[in-house]
Amino acid sequence: MSVQYPLVHVTASESLAPRLTFGEQVVKFIRTKPLGAAGALVVLGMLFVAVFAAALTRYDPYQGDYSLQFARPSAEHWLGTDEFGRDLLTRIMYGARIALFVGFTASFSGCTLGALLGVLSAYWGGKVDLLLERLMDILLAFPQLILALAIASILGPAVQNVVVAIAIPVIPRVARVVRATALSVKEHQYVEAVQALGASRRRVVLRHIIPNIMAPYLIMLTAQLGAAILAEAALSYLGLGTAEPTPSWGLMLSGSASSYAEKAPWIALFPGIAISLGVFGFNLFGDSLRDALDPKLRRG
Amino acid sequence: MRIYLAKRILLIVPTMLGVASLVFVIMRVIPGDVALLILGGDQAGNIDREQLTAMHRQLGLDQPWLVQYGTWLWGLLRFDFGNSLWTGQPVVQELLIRLPLSLELAFLATGVSVLIAIPLGMLAAARQDTWVDYVVRVVSIGGLAIPSFWVGILVILLLVIYFGWGPPLEFTPPWVDPWANFQQMVWPVITVGYRYAAVTTRMTRSTVLEVLREDYIRTAWAKGLAERVIVIRHALKNAMLPVITLIGTEFAFLIGGLVVTETVFTLNGVGRFVVDAVAHRDYPVVQALVFVIALGFVIVNLLIDLTYAWFDPRIRYR
């Protein structure tokens, strides 16, 4: 009685012909957007390293071995060791966790808050808009790095405080763009028509405004990801981000690294390459995403 | 136009008042006591209470916040930023010592990178999806990805190791010795400028790409105009608006770039001054610097908005 139809599914999907399999889609993406694919590869690699850091290395990122201070890159320590004899590659791999955590949380919270304020400003208009706009003016004019610096000094050096310090300056920038987009959506005739049909304010915002600002929101989110990773590095470099012994890429380049750089240039070299490569990957990926989401830039 | 200008200038007042208040509050909220730092101790136990109170009185920090706030605002109206709590010198004087260096760095970095970036962006757009485009894009995305402080570290490392060069400690203004000034500024300018050039190149490329798809460009091609004329005379001018806006918003990043670059190259400029002042809890200095930088940002952006009409005569201000 047990009749099996193992091929039913395959034939069914084959009859819907032009649909590409996942593999074919990947190949198409690599063909048409080689730079974007390279970026995606870097991002995936970084995620992989961050998740499996503990399995990929047998060294401890915090525990140094003083007999191994400033060891040159070798088969044992591929990228050499730092002034405490800690394996540099291990610290860079664990550093990917910090970079990704700060990058994702700071850009997500900053962009989302900014987008919400932008929609609020555009849709409610009137006094709310006027007030929010002035507030955004103030935050925009306030020098970004000094704001982050001050927030970091108030909250103290810890990874989650760095997130706050980086996220706040993002808010007004995103709010501006989203407000402008939402305002132009609001002026569209179909929105007027929907309102005339008796749609509630909530419905208009949720069903019509929000979907329309998703593209600029996503574009800014990916752009901010790289920027947030850089900001964390800069803050840590200035000694206001994460604190020792956190394996933050920026921190690894600060103070001691540059003073030992002559003796052990690898200390100053590899963390910088890690930052550059990571941000580079996110930017390439974000660029292709923007090209794909913005029909004006599509070639054709 | 006049009404628009008056409106914009009037709006500067609440913005700057907001900035002045925000920086005042932030500085008071930051933990740490200047008086303690000046007396040279972090542990309150080691310091004579009376000495501390005397220091507070001397610095004017014994007064209630509201009074201090009033003094700060009243001083602003008279362009008097008070004295540094650390050196006792007027803040304006301290600022004037450091301003020429930072201004030179900022102007050179902006100028050089705009001069390089706009032609490069145009070229990449005109040759979209060719190797020229790919090279320009990779180099410019690199400029966004490579932290400027790391570029600075590498430059110093190379110069120190291979050329035995150490960064000079004293700033030589260009009007004293242009060559010495050039030697001192060329690397910091490259460090700051790379990022600036990268951002501007990308923006130029994408806006020129958009404009090149417009109907009037097709008309220009149909008329048989040369590519150079089309790209430079027809496309570029219309593509410049977003690029100019960007130069304004990047002003904020420029300040960040100055802070980091001046720290790396141990240059005695405004950027490093502000970081030190925050660390020292030197309230009047931080307040004054934030105010001046924010005012610069607001004015630069106002000027940029006003240049729109020049680039695009269709724009009328209301």
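Just so it is clear, the structure is predicted and the values come from calculations on it, not from any experiment.

### Quick word on the overall build of chain A
Each helix and strand counted, chain A has 13 helices and zero strands in total. Each helix and strand of chain A, ordered N terminal to C terminal, gives the series α-α-α-α-α-α-α-α-α-α-α-α-α. A burial count over chain A gives 45% of its 300 residues as buried. A sequence separation of at least 24 residues applies to 68% of the contacts in chain A between residues at least 6 apart.

### Quick notes on the overall build of chain B
A tally of helices and strands in chain B yields 12 helices and zero strands. Along its sequence from the N terminus, chain B presents helices and strands in the succession α-α-α-α-α-α-α-α-α-α-α-α. When the 318 residues of chain B are sorted by exposure, 38% land in the buried category. Considering only residue pairs separated by 6 or more positions, chain B has 73% of its internal contacts joining residues 24 or more positions apart.

### Regarding the interface of chain A and chain B
At the junction of the two partners, chain A supplies 36 residues and chain B supplies 39 residues. Residue assignment for the side of chain A that touches chain B shows that the elements contributing at least two residues are α6 (126-141), α7 (144-155), α10 (201-237) and α13 (265-293) of chain A. Tallying contributions element by element places α13(A) first for the side of chain A that touches chain B, with nine residues. Of the residues belonging to the side of chain A that touches chain B, the class tally is 24 nonpolar, seven polar and five charged.

### Overview of helix α4 (residues 65-77) of chain B
Its 13 residues place the ends of α4(B) 19 Å apart at the C-alpha level, agreeing with the 18 Å of an ideal helix rising 1.5 Å per residue. Phi turns positive one or two residues past the end of α4(B), at B:Phe79, with a value near 55°.

### Some remarks on the environment of B:Tyr69
Among the structural elements, B:Tyr69 can be located in helix α4. Each C-alpha atom of the pair B:Tyr69 and B:Arg202 lies 43 Å from the other, and the pair is 133 residues apart in sequence.

### Structural notes on the environment of B:Leu108
All names here are of chain B. Relative to the helices and strands, Leu108 is located in helix α5 (residues 91-126). Leu108 gets classed as partly exposed once you count the C-beta atoms within 10 Å, which come to 19. Along the backbone, Leu108 and Val189 are 81 residues apart, and their C-alpha atoms lie at a distance of 6.5 Å.

### Quick notes on the nonpolar core
Within the largest apolar cluster, 160 residues are counted, with the highest numbers of intra-cluster contacts made by A:Ala148, A:Ile166, B:Val274, B:Val286, B:Leu289 and B:Val290. Those residues within four positions of B:Val290 in sequence are excluded, and the remaining contacts are A:Phe142, A:Pro143, A:Ile146, B:Val19 and B:Val23.

### Quick notes on the packing of α5(B) against helix α8 (residues 178-212) of chain B
All names here are of chain B. At a minimum axis distance of 6 Å, the contact between α5 and α8 shows a crossing angle of 35°. α5 and α8 meet at a crossing whose hand is right-handed. Residues that form the contact of α5 with α8 fall into these classes: 21 nonpolar, seven polar and two charged.

### Here's the deal with α5(B)
The first and last C-alpha atoms of α5(B) sit 50 Å apart over 36 residues, in line with the 52 Å expected at 1.5 Å per residue. Its maximal kink placed at B:Arg98, α5(B) deviates by approximately 40°, while the proline B:Pro100 follows within four residues.

### Comments concerning the packing of helix α5 (residues 88-124) of chain A against α6(A)
Packed helices, taken two at a time, are described by the angle between their axes plus the distance between the axes. All names here are of chain A. Two elements in contact, α5 and α6, have axes whose closest approach is 7 Å; the angle formed by their N-to-C orientations is 140°. Taken together, the axes of α5 and α6 are oblique relative to one another. You can see that α5 and α6 cross each other, and the crossing is left-handed. The residues of α6 that touch α5, namely those facing Leu117, Leu120, Ser121 and Trp124, are Gly126, Val128, Asp129, Leu132 and Glu133.

### Let's talk about unusual backbone geometry
Residue and element names in this part refer to chain B. Despite not being glycine, Thr266 shows a phi value in the positive range, around 40°. With 12 C-beta atoms counted inside 10 Å, the residue Thr266 sits in the exposed group. Of note in the backbone geometry, Arg281 takes a positive phi value of approximately 55° without being a glycine. Tracing the sequence through the fold places Arg281 in the loop between α11 (270-280) and α12 (283-311).

### Looking at the confidence of the model for chain A
Residue and element names in this part refer to chain A. The pLDDT averaged across chain A works out to 80; a share of 89% of its residues lies at or above 70. No element of chain A has a lower mean pLDDT than helix α1 (residues 8-15), at 47, and none a higher one than α5, at 90. Considering only residues more than four positions removed or in separate chains, one finds that residues 6-15, a stretch of pLDDT under 50, has one contact.

What counts and how
Residues numbered from 1 in each chain as written. Chains lettered and ligands numbered in written order. Predicted model: local features only at pLDDT ≥ 70, side-chain atom pairs only at ≥ 80, totals over all residues. Helix = DSSP H or I, 4+ residues; strand = E, 2+ residues; numbered from the N terminus. Buried ≥ 20, exposed ≤ 12 C-beta atoms within 10 Å, placed from the backbone. Contact = placed C-beta atoms within 7 Å. Nonpolar A, V, L, I, M, F, W, Y, C, P; charged D, E, K, R; others polar. Expected span 1.5 Å × (residues − 1). Core = buried A, V, L, I, M, F, W, Y, C linked by C-beta atoms within 7 Å. Axes fitted to C-alpha atoms, helices over the stretch in contact; angles between N-to-C directions. Left-handed = near helix turned anticlockwise from the far one by under 90°. Bend = angle between axes of the 7 residues up to and from the residue. Parallel < 35°, antiparallel > 145°, perpendicular 65-115°, else oblique. pLDDT = per-residue confidence, 0-100.

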